[in-house]
Each structure stands twice: as structure tokens, then as C-alpha cells.
Amino acid sequence: MSGYPYPTTPCVAVCQIDPKTGFCLGCFRTLKEIAQWGKLGEDERRALLPELERRKEEDRLRWEAKRTRDGER
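So, here is what we can say about the structure in this document. Remember, predicted model here, so these are calculated numbers, not experimental data.

### With respect to the environment of G38
Item 1. The residue G38 is located in the loop between α1 (31-36) and α2 (42-69) in this model.
Item 2. For G38, a relative accessible area of 64% translates into the label exposed.
Item 3. For the pair G38 and T9, spaced 29 residues apart in the sequence, the C-alpha separation amounts to 9.6 Å.

What follows is the structure in C-alpha cells.
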């Protein structure tokens, strides 16, 4: 458990679900993960954070690949 008064959250207040991936464009959680977040313990939340970072990095790489294919720099 952290020493902080607030629970760990990846939310950045950009709440929009990408219809292709099913992930929030801000925090990279699924709707199910968002809905269950308040029911998770702090350790469970922290355990999910690396997966969210992985999704974020995959999204960045997809975006970069698309820019390259489209000839953008």
C-alpha cells in the first residue's frame, strides 16, 4: 500500500475509447478495467500499470509506423 492518500490511477482525464483497440486513448484501460478499477486493491492496480504502459508503447509504435507509411516526417 502506498503512503499516498489517493489510490493509484492511470487516468489523465482524456476519456475516449478507441473503437479499433477498445482502449481508452488517455489511460489505455479497457471499459471493463475502468469499471473494475475502484474494486481493485492497490497492489492489483499497481500490477496492471506495466500492461498499460506496454499498450501505450504499442500504440505509439503503430502511430509512428502509420506516419512512415503515409510519408510524413
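Let's pick the thread back up.
### Focus: the layout of surface pockets
Item 1. Of the voids in this model, the largest pocket is the one considered here, and its volume is about 280 Å³.
Item 2. Taken together, D18, K20, T21, L25, D59, R60, R62, W63, K66 and R69 form the lining of the largest pocket.
Item 3. Of the residues contributing to the lining of the largest pocket, the split by class is two nonpolar, one polar and seven charged.

Quick notes on the rules
- Counting from 1, residues in each chain are numbered in the order their sequence is written.
- Local features in a predicted model are, by the rule used here, given only for residues with pLDDT of at least 70; side-chain atom pairs are given and counted only at 80 or more, and totals for whole chains, interfaces and linings are based on all residues.
- With hydrogens and water set aside, each side-chain value is computed from the structure's full complement of heavy atoms.
- Put simply, DSSP marks the helices as runs of H or I at least four residues long and the strands as runs of E at least two long, and each gets a number from the N terminus on.
- The classification of residues rests on relative accessible area computed with a 1.4 Å probe and restricted to protein chains. Under 20% of the type maximum is buried, over 50% is exposed, and intermediate values are partly exposed.
- Using a 1 Å grid laid over the protein atoms alone, points where a 1.4 Å probe fits but cannot get out form a cavity; open sets with protein on both sides within 12 Å along at least 5 of 7 lines form a pocket; any residue with an atom within 4 Å of a point counts as lining.
- Grid points are joined across faces, edges and corners, and a volume is the space filled by probe spheres set on the points.
- Gly is placed with the polar residues, together with every amino acid not listed as nonpolar (Ala, Val, Leu, Ile, Met, Phe, Trp, Tyr, Cys and Pro) or charged (Asp, Glu, Lys and Arg).

Interpretation in functional terms is not warranted from these geometric data alone.
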